[in-house]
Amino acid sequence: MQQHSHVPGDPSWWFTEALGAEGNPAPAPWLAGSTKADVAIIGGGFTGLWTALALKERAPGLDVVLIEAKVCGAGASGKNGGKVHGYWASLPGMEASVGPEAAVAIARAGTRAQDGIRAFATAPGRDVWWREDGNVRVSASPAQDAKISTHMAAVKRLGVEDTARELTKSEVRDFVRSPVFRGGLFMTEGANVQPARLARALRQEAIKLGVRIYENTAMVGLDNGSPHRVRTTAGEIIAKDVVLATNTAIAKDDDIRPYVTVFSSYALMTDPAEAELEAAGWVGNQGLSDLRMFVHYFRKTADNRVLMGSGSGPISFNGDATNSILTTDVDSGQRAVRGLRRLLPELNNVGVDRIWGGGIDVSSDRLPFFRTRPGTRVHIAAGYSGHGVNPTYIGGQCLASLVLDQKDYWRSLPFCTRELPRLPPEPFRTIGGRFVRQGIIACEEAEEDGRTAGPISKFAASIPKMFGLKIGTR
Ligand SMILES: Cc1cc2nc3c(=O)[nH]c(=O)nc-3n(C[C@H](O)[C@H](O)[C@H](O)COP(=O)(O)OP(=O)(O)OC[C@H]3O[C@@H](n4cnc5c(N)ncnc54)[C@H](O)[C@@H]3O)c2cc1C
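Residues numbered from 1 in each chain as written. Predicted model: local features only at pLDDT ≥ 70, side-chain atom pairs only at ≥ 80, totals over all residues.

As for helix α11 (residues 391-403)
How we decide: In DSSP terms, a helix is any run of H or I states spanning at least four residues, a strand is any run of E spanning at least two, and both are numbered starting from the N terminus. Helices are assigned an expected span. That span is 1.5 Å times one less than the residue count. Here a residue counts as buried when 20 or more other C-beta atoms fall within 10 Å of its C-beta, as exposed when 12 or fewer do, and as partly exposed in between; the C-beta atoms come from the backbone.
Taking 1.5 Å of rise per residue, the 13 residues of α11 would be expected to cover 18 Å, and the 18 Å separating its terminal C-alpha atoms lies within 8% of that figure. With respect to burial, α11 is a largely interior element, 13 of its 13 residues being buried.

Here's what the structure looks like:
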C-alpha cells in the first residue's frame, strides 16, 4: 500500500485530474480597469456557470461577464463527491418541512435538472465521466434500518413508488458486498460525474457562447444603484444585474446569516483498486451512501478508484467561509478514512491518494433558495446544504429567470417562493451547533460499534428536535 499524506489540503484530486486533462491551461486574464455588462456573475462554480449558460440560451445577445476569485471549478464544484441526483432521496424530510405538495414539486424539479445535466454531460466531444446507474442507500447499522421503512412509507403516501425500491440484504449484495451492509433503498435517479471536469466543461461552453470570464478576480465590494457597481481587486464592472454565486462566501451577509450556517464535508480518493472492486462485487456505477445523518457518500471513478466522503466536518463561527477548520480538519478526514475501511473492507490494502475538505452552506430547512434582494437587481443563491451538483442546475435556471424577470416554471418553485425558518442567533448557534454535532458523531459511531452512546451525547443529539429545528435532526 502506498503511503500518502493524510492531512487534508487543496486542490482536490478531481481538480488536479481535470486541469491535467485540459493540458494545464493558463487561467483566463484578470479584470483590469472598468468594464460594462448587462449581467455580472460573481463566482465560477456550477451555480455561476449554469446561470451564464441559461442566460445565453434564453437571451443570446445579453452581455454577460463572470468573475472568479481563483479559477473556475476551484471551489466546491471541483471538490465534491460528484454524486448527481435531485431530491427523491430527501422526500420524508421535505414532506415534514415544506409539506407534501411542495416536496413533490421540488423532487420533480430535480428530475428536470437531471435531464438538463445529462444532456450537457453526454453531448458529443465531452468527457466528464458521466455514469448513470441509479443511487443506492444502505443501512450500515441497526439504528439506520428504520429510515428504509420511513422512506418507503413516504413514497407510497405521495404516490411516487416508481422513484424508490426497497432492497433486502441479499439484493444490496448484488451492488456491493460488505459485511456491514444490511437492507437498503434503490433510487432510480442517480448518476456520477467527474465534478471538476464538469465545471471546466461548463466554463468552456460559457466562453464559446461569448461569456467574458475573468479569473483571479475577486469582488471586493458591491455598490447598489442603477446600474450596480462591482468592485474588484484591479477594476470594476458596471452592470444592471448582478448574480452572487459565491456559495459559502455569501453566508456572512446580513440577509443570509439568519438562514444559513457553514458546515463542512471531507472526502478522500483512493489509489486505483480494480481487483479489489471486483472482489467486492462492485461492478455497476451506482453511487452509494449510508443512512447516517452525517452521511458517508461513496462512488467509483472511471479509472477504478473510490471516493469516500464524510459529511461530518466542523462548523464555522458566524458564517465565516474563510475559517481554516473547513478545509484542514484532520479528524474529519480520518472519519472518511474510517468510513472507507469499515464500509469497504475489501479495499483495506488500497492506499489513500488524497484527502480534502470544503465548506457547505446548510440552510435552515436544508434546501437552497434563490432570491432578488429587495429594491435591487442583485440576485442570490444560497443554502445547497451539501447537496448541490444537481440543484445548482436548478439554481442557474431560477437565477436566469430572476435576471430576465421571467415569471416561469422555475420562479414558481418553492426554491424561489418559500419562507425559511430562522436559525438561532450567534453565538448560541455555533456553540449549540458544535455541541449537537459532537453528540451526533458520538451517537452514530456508537451505533456502528454496537454500543450505546453516553447520556451527554444522547442529550446533545436530541436538542434540534427538542427545539423544533429542521437541521441536525436524525
Ligand atoms: C467535500 C464536498 C463534497 C460534496 N459532495 C457532494 C455530492 O456528492 N453531491 C452533491 O450534490 N453535492 C455535493 N457537495 C456540494 C456541492 O459541491 C456544492 O453545493 C456546489 O458545488 C455549489 O456550487 P456553487 O457554484 O454554488 O459553489 P462553488 O463551486 O464553491 O463556487 C463558488 C465560487 O465563487 C468564488 N467566489 C467566492 N467569493 C468570491 C468573490 N468575492 N469574488 C469572486 N469569486 C468568488 C469561489 O472561489 C468559488 O469558485 C459537496 C461539497 C463538498 C465541499
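This is not the end of the story, as more comes after the structure.
With respect to the packing of helix α2 (residues 46-58) against helix α7 (residues 195-208)
Worth spelling out the cut-off: Interaxial angle, 0 to 180 degrees, is taken between N-to-C directions of lines fitted to C-alpha atoms, where a helix line uses only the stretch in contact. Note on convention: near helix rotated counterclockwise from far helix by under a right angle means a left-handed crossing. Clockwise means right-handed. A pair of residues counts as a contact when their C-beta atoms, built from backbone coordinates, are within 7 Å of each other. Each residue gets one of three labels, nonpolar for Ala, Val, Leu, Ile, Met, Phe, Trp, Tyr, Cys and Pro, charged for Asp, Glu, Lys and Arg, and polar for the others, Gly among them.
Interaxial distance between α2 and α7 falls to 9 Å at its minimum, and their mutual angle equals 30°. Here α2 and α7 pass one another in a crossing that is left-handed. Each of F46, L49, W50, A52 and L53 in α2 lies in contact with α7, whose residues at this interface are A199, L202, R203, E205 and A206. Looking at the contact of α2 with α7, its residues break down into eight nonpolar, no polar and two charged.

Regarding the sheet that holds strand β4 (residues 135-138)
To keep it simple, the criterion reads: If DSSP finds at least two bridges between two strands, the strands pair.
Judged by pairing direction, the sheet is mixed, and its eight strands sit side by side in the order β5-β6-β4-β13-β14-β15-β12-β16 without closing on themselves. The outermost strands of the open sheet, each flanked by one partner alone, are β5 (164-167) and β16 (352-363). Across the sheet, the mean angle from the axis of one strand to that of its neighbour is 20°, orientation sign disregarded. Looking at chain direction, strand β13 (residues 287-290) and strand β14 (residues 296-300) are connected through two bridges and run antiparallel. Across the sheet, L288 pairs through a bridge with F298, a residue of β14. Packed onto the sheet, helix α5 (residues 146-157) meets β5 and β6 (184-187) and runs at close to 150° relative to β5.

Points about the pairing of strand β2 (residues 64-67)
For clarity, the threshold we go by: With its strands directed away from the observer, a crossover is right-handed exactly when the path from the first strand over the helix to the second travels clockwise.
Here β2 shows a buried face lined by V64 and L66 and a second buried face lined by V65 and I67. In this sheet, β2 lies alongside strand β1 (residues 33-42) in parallel orientation, the contact comprising four bridges. The partner of A40 across the bridge, within β2, is V65. Running through α2, the crossover from β1 to the neighbouring parallel element β2 is right-handed.

Quick notes on the domain arrangement of the chain
We count it as follows: Note that the domain bounds reflect an automated or database-derived domain assignment.
For the chain, the domain assignment lists domain 1 (13-79 + 196-250 + 367-417) and domain 2 (428-466). Between the C-alpha centres of domain 1 and domain 2 there is a distance of 37 Å.

A short note on the site of the ligand
To keep things clear, this is the line we draw: Defining nearness, a residue is near a molecule or strand when the C-beta atom obtained from its backbone falls within 6 Å of it.
As a structural note, the neighbourhood of the ligand is formed by 39 residues, with G45, G75, G81, G358 and G388 the closest of them. Those elements that provide at least two residues to the shell around the ligand are α2, β12 (260-270) and β16. Residues of the shell around the ligand, tallied by class, amount to 15 nonpolar, 20 polar and four charged.

So, the packing of helix α4 (residues 100-121) against α11
Two packed helices can be described by the angle between their axes and the distance between those axes. So the rule is basically this: When describing relative orientation, an angle under 35 degrees is termed roughly parallel and one over 145 degrees roughly antiparallel, while 65 to 115 degrees is termed roughly perpendicular and anything else oblique.
Interhelical geometry of α4 versus α11 gives an angle of 95° and a closest axis separation of 8 Å. By the angle between their directions, the pair α4 and α11 is classed as roughly perpendicular. Two secondary-structure elements touch here, α4 through A109, A113, G116 and I117 and α11 through P391, Y393 and I394.

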